[in-house]
Amino acid sequence: MFSSIPLERSAEAQADVDRACQRLALYHFMSCPFCQRVRSQVERLALPIELRDTQRDPRHRQELMAGGGRTMVPCLRIEKADGTLEWMYESADINRYLEQRFG
Ligand SMILES: N[C@@H](CCC(=O)N[C@@H](CS)C(=O)NCC(=O)O)C(=O)O
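Residues numbered from 1 in each chain as written. Predicted model: local features only at pLDDT ≥ 70, side-chain atom pairs only at ≥ 80, totals over all residues. Heavy atoms only, no water.

Trainee: Which residues make up the overall build of the chain, and what values go with them?
Mentor: Looking only at helices and strands, one finds four helices and four strands in the chain. Listed N to C, the secondary structure of the chain is α-β-α-β-α-β-β-α in terms of helices and strands. For 103 residues, the compact-globule estimate of 2.2 N^0.38 gives 13 Å, and the chain sits close to it at 13 Å. Taking the principal axes of the C-alpha coordinates as reference, the chain spans close to 40 × 35 × 20 Å. Residue burial in the chain is summarised as follows: out of 103 residues, 39% are buried. Restricting to contacts in the chain with at least 6 residues of sequence separation, those with at least 24 account for 61%. Charge centroids of the chain, computed over 15 positive and 15 negative side chains, lie 4 Å from each other. (Helix = DSSP H or I, 4+ residues; strand = E, 2+ residues; numbered from the N terminus. Rg over C-alpha atoms; globule rule 2.2 N^0.38 Å. Buried < 20%, exposed > 50% of the residue type's maximum accessible area, 1.4 Å probe, protein only. Contact = heavy atoms within 4.5 Å. Lys, Arg positive; Asp, Glu negative; His and termini not counted. Charge placed at Lys NZ, Arg CZ, Asp CG, Glu CD.)

Trainee: An account of the environment of G67 is needed here, citing residue identities and associated values.
Mentor: Checked against the element boundaries, G67 lands in helix α3 (residues 58-68). Separated by 20 residues in the primary sequence, G67 and W87 have C-alpha atoms spaced 7.2 Å apart.

Trainee: Go over the site of the ligand with me, naming the residues and quoting the values.
Mentor: As a matter of local geometry, the ligand sits amid F29, C32, P33, F34, T71, M72, V73, P74, E90 and S91. Here a nitrogen atom of the ligand and a side-chain polar atom of E90 are 2.7 Å apart. A distance of 2.7 Å separates an oxygen atom of the ligand from a polar atom in the side chain of S91. In the complex, the protein chains occlude 66% of the 510 Å² of accessible area that the ligand would expose alone. Grouping the constituent residues of the shell around the ligand by class yields seven nonpolar, two polar and one charged. (Near = heavy atom within 4 Å. Polar contact = N/O pair within 3.5 Å; in protein donor to acceptor, adjacent residues only side chain to side chain. Areas by Shrake-Rupley, 256 points an atom, 1.4 Å probe, with all protein chains shown as cover. Nonpolar A, V, L, I, M, F, W, Y, C, P; charged D, E, K, R; others polar.)

As structure tokens, this is what we get:
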């Protein structure tokens with residue numbers, strides 16, 4: 001198994017990461033194994049990303065469908081600096097993105 005010891009950063013670096021994560025949200029649900037992979041990555045990289053459970057809250061499912069065009073999870077909602085949104089599907093792509101940006 002992979003280590004789940006969270007990454008440690010300086011307080012300043014973590015504050016930057018915390019700020020960046022305010023523009024991210026992960027659509028997921030608990031029993032989804034692909035979501036579990038992404039949640040593990042989120043935990044390992046110590047990312048305070050808002051989790052939006054699409055099974056527990058139908059509004060999250062509707063937002064995902066309306067924004068991303070599919071109800072499949074996991075999906076990372078990325079708000080860009082110019083305010084535009086990207087809806088990233090596929091656990092491997094999301095994990096690669098998080099690693100490249102925060103790892
Ligand atoms: N290849 C995708 C598979 C994701 C997937 O199959 N998710 C399932 C839940 S485990 C799902 O959302 N199914 C419902 C749907 O597609 O609306 C990934 O790695 O993220």
